[in-house]
Amino acid sequence: HYSKDLTKMAESDVVIVGETWETTDSSLYQERKGAMVDKIQKREEELAEKKEKRRLEKEKTAAEDETSDFFTTTFRKEKTSIEKLLEDSDSTPKEGLSDHFDKILVSIQTLQKFVTESTTFLPSYDIRQAQEAIVNLQAALTEKREQLQPKKKFAFKKKKEGTKEPQKKAPKVVAEVKPEVTSAAVVQIECGFADKESQTLTLQPHDIENQDVSLARLTNCTVKLYGTAGTVHISNVSGCRIFTGPVSRSVFVDDCKDTVLVIACQQLRVHHTEDTQFYLHVTSRGIIEDSTRLLFAPYNWTYPAIDEHYKKSGLDRERNTWDDIDDFNWLASDARSPNWAVMSEDKREGEWEP
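Here is a short report on the structure shown in this document.

Cut-offs applied
Residues numbered from 1 in each chain as written. Predicted model: local features only at pLDDT ≥ 70, side-chain atom pairs only at ≥ 80, totals over all residues. Heavy atoms only, no water. Helix = DSSP H or I, 4+ residues; strand = E, 2+ residues; numbered from the N terminus. Buried < 20%, exposed > 50% of the residue type's maximum accessible area, 1.4 Å probe, protein only. Contact = heavy atoms within 4.5 Å. Pairing = 2+ DSSP bridges. Patch = residues over 30% accessible without salt bridge, like charges linked within 9 Å, V, L, I, M, F, W, Y side chains within 5 Å. Areas by Shrake-Rupley, 256 points an atom, 1.4 Å probe, with all protein chains shown as cover. Salt bridge = Lys/Arg side-chain N within 4 Å of Asp/Glu carboxyl O. Lys, Arg positive; Asp, Glu negative; His and termini not counted. Charge placed at Lys NZ, Arg CZ, Asp CG, Glu CD. Axes fitted to C-alpha atoms, helices over the stretch in contact; angles between N-to-C directions. Parallel < 35°, antiparallel > 145°, perpendicular 65-115°, else oblique. Nonpolar A, V, L, I, M, F, W, Y, C, P; charged D, E, K, R; others polar. Core = buried A, V, L, I, M, F, W, Y, C linked by side-chain atoms within 4.5 Å.

### Structural notes on the side chain of Gln131
Link 1 in the chain: Structurally, Gln131 is set in helix α4 (residues 124-148).
Link 2 in the chain: For Gln131, a relative accessible area of 3% corresponds to the buried category.
Link 3 in the chain: Those residues within four positions of Gln131 in sequence are excluded, and the remaining contacts are Gln267, Ser284, Arg285 and Ile287.

As structure tokens, this is what we get:
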């Protein structure tokens, strides 16, 4: 009777297990089989996706390493070339020194532009090292200029015995100082202003072109620098408003408070400064250190010849990283430093007097 009942079953419903016969539901079998196939296929897809992700990450890392290596190699080569030009300055004929130094300046500016364009993929440490190297090159260029093309300095003539030297007016210098300031301070500030209070101070393009300008110990003053200074040093100022045209190289700020700085430059370095506003055009990351309560907004000063001065300075008007500031005292990479902030638009000055 068993064989008679079994013959009524469809062949698809019979499964032989060992030496026994068992019945199964065909739809359940197909469902389980399909689920198993889907599971295997999904796992294979996940493994393939992980494999592809690892491959892409490996390629990306290799590309970044290759790009970083290219930067390092190129930067080192250009830096060595500039250092060689600086060494050659001693053997350059006197009549050719101006062109020689201009060539070095252009090379430094080109190297600065290369660093600026590479900041998108370089680590912060490499950027800092490159910027420090450029600052050192700029300082070396300034030192060579002063050594080989010294400015004429006033000197007292030796008085002959038995003669009375007539009284003469003191020579006019750009940066006047108070009587109690030593003569060393006069030498240091050949172009700029020092020890002034509640005054409006101005320098014209012919006064500052490619010069190192110093602004020191100023209180409640308004300073306007028209033209293309080479470097600007601002130190120990309080309650001032300082405006610069496009500076060819760097602006260094130290020990400032309650001041408004409207400046354009390739590099900005700020130390020991507080409660100060920057209206800034800078073509590399601005750097602050030991400073707090700083506000930043885009540069917005203009005057009739500023377009010409931008071309002469070599600054790229299309690139302005005014809101990309690196705080050397803030090491966290996932949060912005609390020592600086972007100034809200409603608190920014709309226009400045030319």
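### Details of the pairing of strand β10 (residues 260-265)
Along a regular strand, successive side chains alternate from one face of the sheet to the other.
Link 1 in the chain: Within β10, six of the six residues are buried, which leaves it mostly tucked inside the rest of the structure.
Link 2 in the chain: Bridge analysis of strand β8 (residues 241-246) against β10 gives four bridges, and the strand direction is parallel. Opposite Arg241, over in β10, you have Val260 as the bridge partner.
Link 3 in the chain: As paired elements, β10 and strand β12 (residues 274-282) share six bridges and run parallel to each other. Within β12, the position partnered with Ile263 by the bridge is Leu280.

### Notes on the environment of Ile306
Link 1 in the chain: Tracing the chain through its elements places Ile306 in helix α7 (residues 306-313).
Link 2 in the chain: On the basis of relative accessible area, Ile306 is assigned to the buried category, the value being 3%.
Link 3 in the chain: Remark: the alpha-carbon pair of Ile306 and Gly245, spanning 61 residues in sequence, is separated by 6.8 Å.

### Overview of a negative patch on the surface
Link 1 in the chain: A contiguous patch of negative charge, built from Glu44, Glu45, Glu46 and Glu49, is present on the exposed surface.
Link 2 in the chain: Looking at where Glu45 falls in the secondary structure, it is placed in helix α2 (residues 26-88).
Link 3 in the chain: In this structure Glu45 comes out as partly exposed when scored by relative accessible area, which is 47%.

### What about the packing of helix α3 (residues 97-118) against α4?
Link 1 in the chain: It is the contact of α3 with α4, at a shortest axis distance of 10 Å, that shows an interaxial angle of 170°. Classified by the angle their axes make, α3 and α4 are roughly antiparallel. Residues Leu97, Phe101, Asp102, Ile104, Leu105, Ile108, Leu111, Gln112 and Val115 of α3 touch α4, and the partners they reach there are Ala130, Ile134, Leu137, Gln138, Leu141, Lys144, Arg145 and Leu148.
Link 2 in the chain: Broken down by class, the residue content of the contact of α3 with α4 amounts to twelve nonpolar, two polar and three charged.

### Remarks on the side chain of Gln266
Link 1 in the chain: Assignment of secondary structure puts Gln266 in the loop between β10 and β11 (267-271).
Link 2 in the chain: Setting aside chain neighbours within four positions, we find Gln266 in contact with Gln109, Gln112, Val247, Ser248, Arg249, Val282, Thr283, Ser284 and Leu315.

### Quick notes on unusual backbone geometry
Link 1 in the chain: The backbone of Asn210 shows a phi angle near 60°, a positive value even though the residue is not glycine.
Link 2 in the chain: Here Asp275, not a glycine, exhibits a phi torsion of approximately 50°, which is positive.
Link 3 in the chain: On the secondary structure map, Asp275 appears in strand β12.
Link 4 in the chain: Relative accessible area serves as the criterion here: at 30%, Asp275 is assigned to the partly exposed category.

### Side note on the nonpolar core
Link 1 in the chain: By size, the foremost hydrophobic cluster in this structure holds 35 residues, and its most contacted members are Ile234, Leu268, Phe278 and Phe296.
Link 2 in the chain: Every residue in contact with Ile234, bar those within four places of it in the chain, is listed here: Leu215, Ile242, Val251, Phe252, Val253, Asp254, Cys256 and Leu261.
Link 3 in the chain: Formed by 20 residues, the second largest nonpolar core is a distinct cluster that contains Leu105, Val115, Leu122 and Ile134.

### Side note on the pairing of strand β14 (residues 292-298)
Link 1 in the chain: Pairing between β12 and β14: six bridges, direction parallel. Within β14, the residue paired with Phe278 across the bridge is Phe296.
Link 2 in the chain: Bridge analysis of β14 against strand β16 (residues 340-342) gives three bridges, and the strand direction is parallel. Residue Leu295 lies in a different strand from β16, and its bridge partner there is Ala341.

What is shown is where atoms sit, not what they do.
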